[in-house]
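Architecture and fold: a report
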Amino acid sequence: MDGLPAVPDGTFTQTGLDFDAIVIGAGVSGLYQLYKLRELGLKVRVIEAGTGVGGTWYWNRYPGARFDSESWTYGYSFSQELLEEWDWEEHFAGQPETERYLNYVADKFDLRRDIQFRSRVTAAHYQEGTRGWDIILEDGRRYTTRFLITAVGVLSAATMPRIPGVETFKGQSCHTHYWPKEPVRFEGKRVAVIGTGATGVQTITEVAKTVGHLTVFQRTPQWCAPLHNAKIGKAEMSRIRPNYPEIFARCQETYGCFIHATDPRATDEVTEEERDAFWEKLYAEPGFGIWMGNFRDILVDRKANALISDFVARKIRQRVKDPAVAEKLIPKNHGFGTRRVPLESGYYEVYNQPNVKLVDINENPIERITPNGIQTSDREYEFDIIIYATGFDAITGAFDRIDMRGVDGVSLKEKWQDGPQTFLGILVDGFPNMLMVMGPHAGLGNFPRAVEYTADWVTGLIRFAHDRGVTRIEATAAGAVAWTDHVIEASEGLLFTEVDSWMTGINRNVEGKQVRRIMRYSGGHPKFRERCDTVAAVGYRELSLA
Ligand SMILES: Cc1cc2nc3c(=O)[nH]c(=O)nc-3n(C[C@H](O)[C@H](O)[C@H](O)COP(=O)(O)OP(=O)(O)OC[C@H]3O[C@@H](n4cnc5c(N)ncnc54)[C@H](O)[C@@H]3O)c2cc1C
């Protein structure tokens, strides 16, 4: 049992089940959910596939992995002591710093004793007889629990490209998500990167600093914008710290829980000069301001979107010396901000290096991976290292990889075949006592801000149930239909819905993920919280409780 104490005899709810709650995942969500459920006095176990805490920040060790959130908006807000003790070193922390932070949190709150590492959940089956869940691990171990809480991550199910011959390559292959713990050296090496999403952009920029020769295989260029990261010295940290209450309050007010709030003006409400000056200012500022603090219409109005896209395209042309390469780096099939905007630190300048080559795989598709490298339609490239920056089966991927079965053995994967159906992104009808922290259709955004709210809501619901002797919590079918319809309605008119991306459920490398679906709630976090608060305030009457 990985050194964990044996299951104690009595439980908070006296159920006869092994646990009151099992949480799958020890990332930002799972750690906080464990903390909250322990506060309630529940007997909880977190089950985690990795060997350490941190989720995203445990797995993604690829070169250049770092926040697009300001570090000081990303940390947990629940503990004043933690806020006092932790000094962020960079405005946008890199993976090592964030992993250290989450380990610090796990140690400070003694969370590790209830986390079972190296354990992958492969099945979770609801049992009406016990009103509980049977949880089955890859190695055959089984546990029973009253509540099953999924904290499995929206970007945790990594995908490889569907290219033949991957296993034949004789050099080193790395997927960015499964990056080895030992450093990978690029000096003098011929390196390929496949994929130019947010992860690819970070990886390419970092690898290019030391590589012998780098070849980037690009299918879809992205609209990237500068990150403008900087170190935080002791003096600056002591200026940030007293502002935490205002920082977190501001994050509560904004659409995506970031500090950047949409500008109330429309693009055509200002003169061309004012508009360009505003965009220059946003382009020169750190973080997501250019995406989330821009004019209110850039993500809904085609004309406004075309104007901001032209502005960013001009920037790319200025930064990339070879006009033909610049054109390849400018997206043609989607407008600025309609896919997740990668933030970069010198990405475009990489293509000015003589030892970097960009291959457009729309012109020359990859045919296969060979023992020596990559065969495209026009030639074979030889490599020492191939890096797959091919991303994730996002949002529902981690759920799909578990055989989840609700009432009467209904499969969650089948139920969600044509798109997720949830109540508040937290509950699913037919899946009693399963609660999702950051499930599909929940309010996403700057993660920990959304996680703290959702885990608190889940904890409140479990407390309510316990206090009233309720042992079965389920969303109603009508409630799930209404929320799902509302989620779809909230996305209407948003330009991102017209674009293939992980945010619309498309992944060409995953079977069955070729049709656009609404995967997340686009009504903004304040509205999401308002709706969830109302459900709680009236005693969860919209749920079926027994
Ligand atoms: C490279 C990258 C950069 C990002 N940058 C930002 C950012 O700047 N700002 C931001 O807000 N968000 C960012 N995100 C999103 C990020 O995922 C969240 O910020 C946050 O870390 C998610 O936490 P989580 O606990 O919900 O999920 P995760 O961190 O993904 O953790 C889920 C955990 O569940 C485990 N798990 C899943 N399935 C199983 C199973 N069947 N059995 C056992 N264990 C399982 C996984 O191993 C994983 O450890 C980024 C994501 C990536 C991939």
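Residues numbered from 1 in each chain as written. Predicted model: local features only at pLDDT ≥ 70, side-chain atom pairs only at ≥ 80, totals over all residues. Heavy atoms only, no water.

1. Brief notes about the overall build of the chain
Definition in use: Starting at the N terminus, helices and strands are each numbered in turn, a helix being any DSSP run of H or I of at least four residues and a strand any DSSP run of E of at least two. It is over C-alpha atoms that the radius of gyration is taken, and the globule rule equals 2.2 Å times the number of residues to the power 0.38. For every residue, the accessible area obtained with a 1.4 Å probe (protein chains only) is divided by the maximum for its type, and the residue is called buried under 20%, exposed over 50%, and partly exposed between those limits. Any two residues whose heavy atoms approach within 4.5 Å at even a single point are treated as in contact. Only the protein chains shown count as covering a residue, and every accessible area follows the Shrake-Rupley method with a 1.4 Å probe. For the purpose of counting charges, residues Lys and Arg are taken to be positive, whereas Asp and Glu are taken to be negative. His and the chain ends are not included. Charged groups are reduced to one reference atom each: NZ for lysine, CZ for arginine, CG for aspartic acid, CD for glutamic acid.
On a plain count of helices and strands, the chain comes out with 18 helices and 20 strands. Over its C-alpha atoms the chain spans a radius of gyration of 24 Å, differing by no more than 12% from the 24 Å that the globule rule assigns to 546 residues. In terms of overall dimensions, the chain has C-alpha extents of about 70 × 60 × 50 Å along its principal axes. Buried residues in the chain amount to 59% of all 546 residues. Intrachain contacts of the chain at a sequence separation of at least 6 include 71% that bridge at least 24 residues. Looking at the chain as shown, the accessible area adds up to about 21900 Å², and 50% of this sits on carbon and sulfur atoms. Counting 64 positive and 73 negative side-chain charges, the chain places the averaged centre of each group 2 Å from the other.

2. Overview of helix α17 (residues 477–491)
The condition that has to hold: By this rule, a helix spans an expected 1.5 Å times one less than how many residues it contains. The arc in question is the one spanned by the directions pointing from the helix axis to the C-beta atoms.
Between the first and last C-alpha of α17 there are 21 Å, a value that for 15 residues agrees with the 21 Å anticipated at 1.5 Å per step. Turning to α17, its buried residues number three or more, namely G479, A480, W483, T484, V487 and S491. Taken down its axis, α17 places every buried residue within 125° of arc, on the same side. Looking at the buried side of α17, the elements it contacts are α18 (525–537). Just beyond α17, the residue with positive phi is G493, at close to 85°.

3. Topic: the sheet that holds strand β12 (residues 356–360)
The test is simple: Two strands qualify as a pair provided that DSSP identifies no fewer than 2 bridges between them. Axis definition: a line fitted to C-alpha atoms, limited for helices to the stretch in contact. Angles are taken between N-to-C directions and run from 0 to 180 degrees.
Spatially, β7-β16-β8-β9-β12 is the arrangement adopted by the five strands of the open sheet, whose pairing is parallel. Edge strands, defined here as strands with exactly one partner in the open sheet, are β7 (172–175) and β12. The mean inter-strand angle of the sheet, taken between neighbouring strand axes irrespective of direction, is 15°. Here four bridges tie β7 to strand β16 (residues 385–388), and the two strands are oriented parallel to one another. Considered in β16, the bridge of H175 is made with Y388.

4. Some details on the pairing of strand β13 (residues 366–369)
Across three bridges, β13 lies against strand β14 (residues 373–376) in antiparallel orientation. Counted as the bridge partner of I369 is I374 from β14. Connecting the antiparallel pair β13 and β14 is a turn made up of three residues.

5. Focus on the site of the ligand
Defined as follows: When we say a residue is near a molecule or strand, we mean one of its heavy atoms is within 4 Å of it. Here a polar contact is taken to be a pair of N or O atoms separated by no more than 3.5 Å, where protein atoms must pair a possible hydrogen donor with a possible acceptor and residues adjacent in sequence count only if both atoms sit in side chains. Charged means Asp, Glu, Lys or Arg here, nonpolar means Ala, Val, Leu, Ile, Met, Phe, Trp, Tyr, Cys or Pro, and polar covers whatever is left, Gly included.
Looking at the ligand, there are 32 residues lining it, with S29, T56, D68, S69 and Y74 nearest. A distance of 2.6 Å separates an oxygen atom of the ligand from a polar side-chain atom of Y74. With respect to the ligand, the backbone of F447 contributes an N or O atom lying 2.8 Å from an oxygen atom. Protein contacts shield 95% of the accessible area of the ligand, which totals 980 Å² for the unbound molecule. When contributions to the shell around the ligand are tallied by element, the ones reaching two or more residues are α1 (28–40) and α2 (56–59). In terms of residues, the shell around the ligand owes the most to one element, α2, which gives three residues. Residue composition of the shell around the ligand, grouped by class: 16 nonpolar, 13 polar and three charged.

6. Looking at the nonpolar core
Our working rule: For the purposes of this section, nonpolar cores are sets of buried Ala, Val, Leu, Ile, Met, Phe, Trp, Tyr and Cys residues that join through side-chain atoms within 4.5 Å.
Counting residues in each nonpolar core, the largest one holds 132 residues, and the members touching the most others are W88, L214, Y351, L427 and W457. Setting aside residues no more than four positions away along its own chain, W457 makes contact with L424, I426, L427, C532, D533, V535, A536 and Y540. Judged by nonpolar contacts, the second largest core, of 23 residues, contains I24, F399, V428 and M436.

7. Focus: the confidence of the model for the chain
Here is the rule we go by: pLDDT is defined as a per-residue confidence score from the predictor, taking values between 0 and 100.
Per-residue confidence for the chain averages 95 on the pLDDT scale, and 97% of its residues sit at or above 70. This model gives residues 1–11 a pLDDT under 50, and the stretch forms 23 contacts once residues within four places in sequence are excluded.

8. Examining the environment of E344
Along the chain, E344 turns up in strand β11 (residues 343–344). Counting along the chain gives 57 residues from E344 to G287, while the straight-line C-alpha distance between them is 9.6 Å. Excluding residues within four positions of it along the chain, E344 makes contact with V201, C224, A225, P226, L227 and R319.

9. So, the pattern of salt bridges
Our working rule: By convention in these notes, a salt bridge is any Lys or Arg side-chain nitrogen within 4 Å of a carboxyl oxygen on Asp or Glu.
Per the stated rule, a full pass over the model turns up 40 salt bridges. R185 is the salt-bridge partner of E187, the closest N and O atoms lying 3.4 Å from each other. Residue classification places R185 among the exposed residues on the basis of a relative accessible area of 56%. A salt bridge links R405 to D403; the shortest N-O distance between them is 2.8 Å. Of the residues examined, D403 reaches a relative accessible area of 28% and is grouped as partly exposed. Connected through salt bridges with shared partners, the residues R38, D110, R113 and D114 form a single ionic network.

10. Things to note about the sheet that holds β13
Read from one edge to the other, the open sheet built from three strands follows the order β13-β14-β15, with strand pairing classed as antiparallel. Since the sheet does not close on itself, it has two edges, and those belong to β13 and β15 (380–382), each with one partner. Strand after strand, the sheet turns through a mean of 20° between neighbouring axes, direction not considered. In this sheet, β15 lies alongside β14 in antiparallel orientation, the contact comprising three bridges. From the neighbouring strand, G373 faces β15, where its bridge partner is E382.

11. Points about helix α11 (residues 302–319)
Compared with the 26 Å implied by 1.5 Å per residue over 18 residues, the 26 Å span of α11 between its first and last C-alpha is a close match. Of all the residues in α11, the buried ones are A304, N305, I308, S309, F311, V312, A313, K315, I316 and R319. Of the residues flanking the start of α11, the one acting as N-cap is D301, its side-chain oxygen 3.1 Å from the backbone nitrogen of K303.

12. Here's the deal with the environment of C251
Among the secondary structure elements, C251 is positioned in helix α8 (residues 244–253). Distance in space between the C-alpha atoms of C251 and D139 is 42 Å, their sequence separation being 112 residues.

13. Details of the packing of aromatic side chains
So the rule is basically this: Paired rings are identified among Phe, Tyr and Trp, the last through its six-membered ring, by centres lying within 6.5 Å, and are further divided according to the angle between planes into stacked (under 30 degrees), edge-to-face (over 60) and tilted (the rest). For a ring to carry a charge above it, either NZ of a lysine or CZ of an arginine must fall within 6 Å of the ring centroid while also lying within 35 degrees of the normal to the ring plane.
Applying the stated criterion across every chain yields a total of 41 aromatic pairs. One aromatic cluster in this structure is built from Y32, Y35, W57, F67, Y74, Y76, F78, W86, W88, Y101, Y104 and F109. The ring of F109 is capped by K108, whose NZ or CZ atom sits 5.6 Å from the centre of that ring. Here the basic side chain of R468 rests over the ring of F464, its NZ or CZ set 3.7 Å away from the ring centre.

14. A few points about the pairing of strand β2 (residues 44–47)
Note the cut-off: Handedness is read with the strands pointing away from the viewer; a crossover is right-handed when the path from the first strand over the helix to the second is clockwise.
Judged by which residues are buried, β2 turns out to be covered on both faces: V44 and V46 on one side and R45 and I47 on the other are all buried. Relative to β2, strand β1 (residues 19–24) runs parallel, the two being bridged by four bridges. What sits directly across from V23, in β2, is V46. Crossover connection from β1 via α1 to parallel β2: handedness right-handed.

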